[in-house]
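Given next are the chains, with one letter for each unit.
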Amino acid sequence: MKSLAVLSTLACAALATSAQTVTLKVHHFLPAGSAAQTMFIKPWCDKIALESGDKMKCQIYPSMQLGGTPPQLFDQVKDGVVDVTWVLPGYMAGRFPLVEVFELPFMMQSPEGTSKALWEYVEKYDAAEFKDVKLLALHVHGDGVFHMTNKPIKTMADLKGLKVRAPTRQTNKLLAALGATPVAMPVPAVSEALAKSVIDGALVPYEVVPSVKIQELVKFHSETDPAEPAIYTSTFIFAMNKAKYESLPPDLKKVIDANSGQALSGHIGKVFWEADGIGKKLTEKNTHNVIPASELQSWKKAGEQITNDWVADVTAKGANGKLLLENARALIAKYAVK
């Protein structure tokens, strides 16, 4: 009887421990081997597990394993279908217009600094767009690069008539202004689109090269002058379901709070810049070129109309587009990594 009592006590203790453990369902759209998961999401999960004494853990579901499509991820976390997600606002065209200022042509100067700027911008001027979730971080990726199947991009004329993938509506507008035919699609669709010649190339950072095996599907990689601001970048949301956050006991809320915010945003930006180096290394056997600053001046002029249109668009919706643009540029300059 005594041994039964001991076993019963141990079983109850195990159940109590199990009940105390919070498991967060983390859902995203890239493969498990992607830089996003291996260099950012999993390390974040490991850190909150460590700092909570294993009271809080993650179950990561890559590649949309819980169903849906990448544009549906924001609503999944908002509605509590998942607890945490990582997604691009740009996949939901027009839903987050004020944050698009960071996706305008030639804005981003460094992923780390611009990610810090993005966090402060949203905190000060754009919190309403994200009021339905608990924001953990906001970040951008490194410089966009043209990855082309049949020829490099050296001048604006080289883009004429080519079908090029881009992720956001502002980047698609820029491609059209440069003479290309923009094709919008999430990153996971790029491999098949290249393999079947649905597109002639993709405008993405080197960071995503391993995830979609771009190095095997294209022959040419055309970068813009690194001394110039990036031709484009995308914004990303790392967010938690609000009700899930509020349900946490104070000690676990404290762990989440300590692992979210501007510092995390900047760190993720830096991680994505490091991931660019890893992705670029995989393309060594292909042909590379740099589009010089002199050529980019005419590209910038084409981009000015995109920026002016964004200012007019958000102003028509009741925001002060001109002031938001000025504030975004000032914050990017403030946090620029020299």
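No experiment lies behind these values; they were computed from the predicted model shown. (Residues numbered from 1 in each chain as written. Predicted model: local features only at pLDDT ≥ 70, side-chain atom pairs only at ≥ 80, totals over all residues. Heavy atoms only, no water.)

### Some thoughts on unusual backbone geometry
Okay, step 1: Positioned with a positive phi, Met64 is a non-glycine residue whose angle comes to about 55 degrees.
Okay, step 2: Structurally, Met64 can be placed in the loop between strand S2 (56–61) and helix H3 (73–79).
Okay, step 3: A relative accessible area of 12% places Met64 in the buried class. (Helix = DSSP H or I, 4+ residues; strand = E, 2+ residues; numbered from the N terminus. Buried < 20%, exposed > 50% of the residue type's maximum accessible area, 1.4 Å probe, protein only.)

### Side note on the state of the cysteines
Okay, step 1: Following the criterion strictly, the structure yields 1 disulfide and no others.
Okay, step 2: With a sulfur-sulfur separation of 2.3 Å, Cys45 is cross-linked through a disulfide to Cys58. One quick way to see it: the torsion about the S-S bond of Cys45 and Cys58 is about -90 degrees, and its sign makes the bridge left-handed. Of this pair, Cys45 sits in helix H2 (residues 35–51) while Cys58 sits in strand S2; the two residues are 13 residues apart in sequence, bridging distant segments of the chain.
Okay, step 3: In this structure Cys45 comes out as buried when scored by relative accessible area, which is 6%. (Disulfide = S-S within 2.5 Å.)

### Topic: the confidence of the model for the chain
Okay, step 1: Of the residues in the chain, 94% have a pLDDT of 70 or more, and the chain-wide mean is 94.
Okay, step 2: Here residues 10–18 is modelled with pLDDT under 50, and outside its nearest four sequence neighbours on either side it reaches 0 contacts, counting other chains as well. (pLDDT = per-residue confidence, 0-100. Contact = heavy atoms within 4.5 Å.)

### Concerning helix H12 (residues 293–316)
Okay, step 1: The terminal C-alpha atoms of H12 lie 34 Å apart, and with 24 residues this matches the ideal 34 Å at 1.5 Å per residue to within 8%.
Okay, step 2: Residues of H12 that are buried: Glu295, Leu296, Trp299, Ala302, Gly303, Ile306, Thr307, Trp310, Val311 and Val314.
Okay, step 3: Where H12 is buried, its residues contact helix H4 (111–125), strand S5 (145–148), helix H5 (169–177), strand S9 (220–224), strand S11 (287–291) and helix H13 (321–335).
Okay, step 4: Gly318 sits one or two positions beyond H12 and adopts a positive phi of about 105 degrees. (Expected span 1.5 Å × (residues − 1).)

### A few points about empty space enclosed by the protein
Okay, step 1: This structure, assessed with the given rule, holds 1 cavity of 30 Å³ or more.
Okay, step 2: Of the voids in this model, the largest cavity is the one considered here, and its volume is about 100 Å³.
Okay, step 3: Every residue lining the largest cavity is counted, 16 residues in all, and those nearest its centre are Leu88, His141, Val187, Val208 and Phe236. (1 Å grid on protein atoms, 1.4 Å probe; cavity = no way out; pocket = protein on both sides within 12 Å on 5 of 7 lines; lining within 4 Å. Points joined across faces, edges and corners; volume = space filled by probe spheres on them.)

### Re the pattern of salt bridges
Okay, step 1: Within this structure, the stated rule accounts for 19 salt bridges.
Okay, step 2: Measuring nitrogen to oxygen at the nearest pair gives 3.0 Å for the salt bridge that ties Asp79 to Lys78.
Okay, step 3: Since its relative accessible area comes to 28%, Lys78 is described here as partly exposed.
Okay, step 4: Between Glu246 and Lys253 there is a salt bridge, and its shortest N-O distance comes to 3.3 Å.
Okay, step 5: Exposure remark for Glu246: the relative accessible area of 53% places this residue in the exposed category. (Salt bridge = Lys/Arg side-chain N within 4 Å of Asp/Glu carboxyl O.)

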